[in-house]
Amino acid sequence: MSPPLPAFLLLVSIAFTSASVEPLRPGFYAETCPEAEFIVKDVMRRNMIREPRSAASVMRFQFHDCFVNGCDASMLLDDTPNMLGEKLSLSNIDSLRSYEVIDEIKEELEKVCPGMVSCADIIIMASRDAVVLSGGPDWEVKLGREDSLTASQEDADNIMPSPRANASFLIYLFERFNLSVKDMVALSGSHSIGQARCFSIVFRLYNQSGSGKPDPTIEPKYKEKLNRLCPLGGDESVTGDLDATPTIFDNRYFKDLVAGRGFLNSDQTLYTFPETKKYVTLFSKDQRAFFNAFVEGMIKMGDLQSGRPGEIRCNCRIVNSRPVDALLVS
């Protein structure tokens, strides 16, 4: 039996499936900003040369944005005196980084076609380019999103999964967004690139499920390596690679899961849970199958919209000023 869905998440799920919004489409900026996709990819390439970790960071923006009230760039908004945004939510604080990459992309776009390209679409394009530039698959993105007028730390806290999540919970969560078990496993392959903190795994190294013992599914030699990286009582901000090829987008992540070398509990559980194990096994043997499923999942996730009013922000960190705002202040 599935766990009960929090009331808030139920409302979000209903909103995504019933909202009436303008359809997204490829080539949305063909006339208004034909250089948009080239500019995004060029800035991503430059940033990845300066800081290779930016690829994984920017790619994950799509996940952290789209799951919280749809793909609307709400996660990019800074806090204000009247709004607690999503940057300090439990899943984002000390985890998400490289916001400045989106700032740089937006600045470049505003020089060429001011007020045309939304921050929400920048996230979608940059996430795709991060995958492509890391050796992963390419795909045509659908565009035409607007940017949200607000953000909510509470909403982010209520939705985004923990590194301790198990496969059963992840399946249930993804289903709320019309994403299948296969979609979920393929999208978990985003951990093919990047790193995570010791904070996320100390429990499974030393006290899995409150047992006072390590997670028995961790391969012994890999556990020794993790123990050295993340000693009990050590610096939990130290980072470790999510798979054996952390800068290359490939199917090594799934091969590592089969070998008991998953870094996060939420990753390794995909191989120990029957409903997800078959896809882990498939993707570990067939990289093309993984790439195809990943692209399908990213496109479906990119379709999530709340239907709320929006705008095209001039600065991705703040909503645009309005005459009514000035009247309220004066």
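Residues numbered from 1 in each chain as written. Predicted model: local features only at pLDDT ≥ 70, side-chain atom pairs only at ≥ 80, totals over all residues. Heavy atoms only, no water.

Enquirer: Looking at this structure, I do not really get the overall build of the protein chain. What am I missing?
Expert: When its secondary structure is counted, the protein chain shows 15 helices and four strands. In terms of overall size, the protein chain behaves like a compact globule, its C-alpha atoms giving a radius of gyration of 20 Å where 330 residues would be expected to give roughly 20 Å. In terms of overall dimensions, the protein chain has a C-alpha envelope of 60 × 40 × 40 Å along the principal axes. Across the 330 residues in the protein chain, those meeting the buried criterion constitute 52%. (Helix = DSSP H or I, 4+ residues; strand = E, 2+ residues; numbered from the N terminus. Rg over C-alpha atoms; globule rule 2.2 N^0.38 Å. Buried < 20%, exposed > 50% of the residue type's maximum accessible area, 1.4 Å probe, protein only.)

Enquirer: Could you clarify how one ought to interpret the nonpolar core in this entry?
Expert: If you look at soluble globular proteins, the nonpolar side chains tend to sit buried side by side. Ranked by size, the top nonpolar core spans 77 residues in total, and within it Phe67, Leu76, Ile105, Leu109, Val117, Phe283 and Phe294 carry the most contacts. A per-element tally of this core places helix 5 (residues 119-133) first, with nine residues. Each of domain 1 (35-160 + 304-318) and domain 2 (167-300) contributes no fewer than three residues to this core. Excluding residues that lie within four positions of it along the chain, Phe294 makes contacts with Met59, Val131, Trp139, Ala186, Leu187, Ser190 and Phe249. One finds Cys198, Leu205, Ile218 and Leu226 within the second-largest nonpolar core, a separate group that totals 12 residues. (Core = buried A, V, L, I, M, F, W, Y, C linked by side-chain atoms within 4.5 Å. Domains from an automatic or database assignment. Contact = heavy atoms within 4.5 Å.)

Enquirer: I keep staring at the environment of Pro161 and nothing clicks. Help me out?
Expert: Along the polypeptide, Pro161 turns up in the loop between helix 6 (153-159) and helix 7 (167-175). Once the C-alpha coordinates of Pro161 and Arg97 are considered, the two residues, 64 residues apart in sequence, prove to be 18 Å apart. Setting aside residues up to four positions removed in sequence, Pro161 forms contacts with Phe169, Leu170 and Leu173.

Enquirer: Explain the domain arrangement of the protein chain here, please?
Expert: By the assigned domains, the protein chain splits into domain 1 (35-160 + 304-318) and domain 2 (167-300). The distance between the C-alpha centroids of domain 1 and domain 2 comes to 24 Å. Each side of the interface is counted separately: domain 1 has 22 residues, and domain 2 has 22 residues. For the pairing of domain 1 and domain 2, the buried interface totals around 1,900 Å² over both sides, and the portion due to carbon and sulfur atoms is 70%. Summed over the three residues of domain 1 that lose the most area to domain 2, namely Phe63, Phe67 and Trp139, the buried surface amounts to 27% of that side. Applying the counting rule to domain 1 against domain 2 returns five residue pairs in polar contact (both at pLDDT 80 or more). Broken down by secondary-structure element, the contributors of at least two residues to the side of domain 1 that touches domain 2 are helix 3 (54-66) and helix 5. Among the elements that line the side of domain 1 that touches domain 2, the one with the most residues is helix 3, at six residues. (Buried area = accessible area lost by both parts, 1.4 Å probe. Polar contact = N/O pair within 3.5 Å; in protein donor to acceptor, adjacent residues only side chain to side chain.)

Enquirer: Can you help me understand the packing of aromatic side chains in this one?
Expert: Each pair of aromatic rings is reported with the distance of its centres and the angle of its planes. Here the structure, examined in full by the defined rule, presents 15 aromatic pairs. Here the aromatic rings of Phe254 and Phe290 are separated by 4.9 Å at their centres, their planes lie at 70°, and the arrangement is edge-to-face. Within this pair, whereas Phe254 is found in helix 11 (residues 252-258), its partner Phe290 is found in helix 14 (residues 287-302), the two being separated by 36 residues in sequence. For the residue pair Phe254 and Phe290, the accessibility class agrees, reading buried in each case. For the ring pair Phe290 and Phe291, a centre distance of 5.6 Å and an interplane angle of 55° mean the geometry is tilted. Here Phe291 falls in the buried class, since its relative accessible area comes to 13%. Counting every residue linked through ring pairs, the aromatic cluster contains Trp139, Phe249, Tyr253, Phe254, Tyr279, Phe283, Phe290, Phe291 and Phe294. In this structure, Lys87 is placed above the aromatic ring of Tyr99, and the distance from its NZ or CZ to the ring centre is 4.5 Å. The ring of Phe203 carries the charged tip of Arg164 above its face, separated from the ring centre by 4.2 Å. (Phe/Tyr/Trp six-rings, centres within 6.5 Å; stacked < 30°, edge-to-face > 60°. Lys NZ or Arg CZ within 6 Å of the ring centre and 35° of its normal.)

Enquirer: Can you help me understand helix 5 in this one?
Expert: Helical geometry note: an α-helix holds 3.6 residues per turn, so side chains three or four residues apart project in the same direction. Given a rise of 1.5 Å per residue, 15 residues ought to cover 21 Å, and the 20 Å separating the end C-alpha atoms of helix 5 matches this to within 8%. Burial analysis of helix 5 places 14 of its 15 residues in the buried class, which makes it a mostly covered element. (Expected span 1.5 Å × (residues − 1).)

Enquirer: Help me understand the pattern of salt bridges, please; the structure alone is not making it clear to me.
Expert: Two side chains that carry opposite charge are able to pair once their charged atoms sit near each other. Applying the stated criterion across every chain, the model contains 19 salt bridges. Where Asp256 meets Arg252, a salt bridge forms, and the shortest distance between an N and an O atom there is 3.0 Å. Pair noted here: Asp256 and Arg252 are both in helix 11, with a separation of four residues, about one helical turn. A residue is classified by how much of its surface remains accessible, and Asp256, at 4% relative accessible area, is buried. Because the salt bridges share partners, they merge into one network encompassing Glu37, Arg128, Asp129 and Asp138. (Salt bridge = Lys/Arg side-chain N within 4 Å of Asp/Glu carboxyl O.)

Enquirer: How should the state of the cysteines be read in this particular structure?
Expert: What makes a disulfide is a covalent bond joining the sulfur atoms belonging to two cysteines. In total, this model carries four disulfides according to the counting rule given. Paired through a disulfide, Cys66 and Cys71 show a sulfur-sulfur distance of 2.0 Å. Looking down the S-S bond of the Cys66 and Cys71 bridge, the torsion is 120°, so its handedness is right-handed. Judged on exposure class, the residue Cys66 and its partner Cys71 are both buried. Here Cys314 stays free of any disulfide, with the sulfur of Cys119 as its closest cysteine sulfur at 8.9 Å. In this structure Cys314 comes out as partly exposed when scored by relative accessible area, which is 48%. (Disulfide = S-S within 2.5 Å.)

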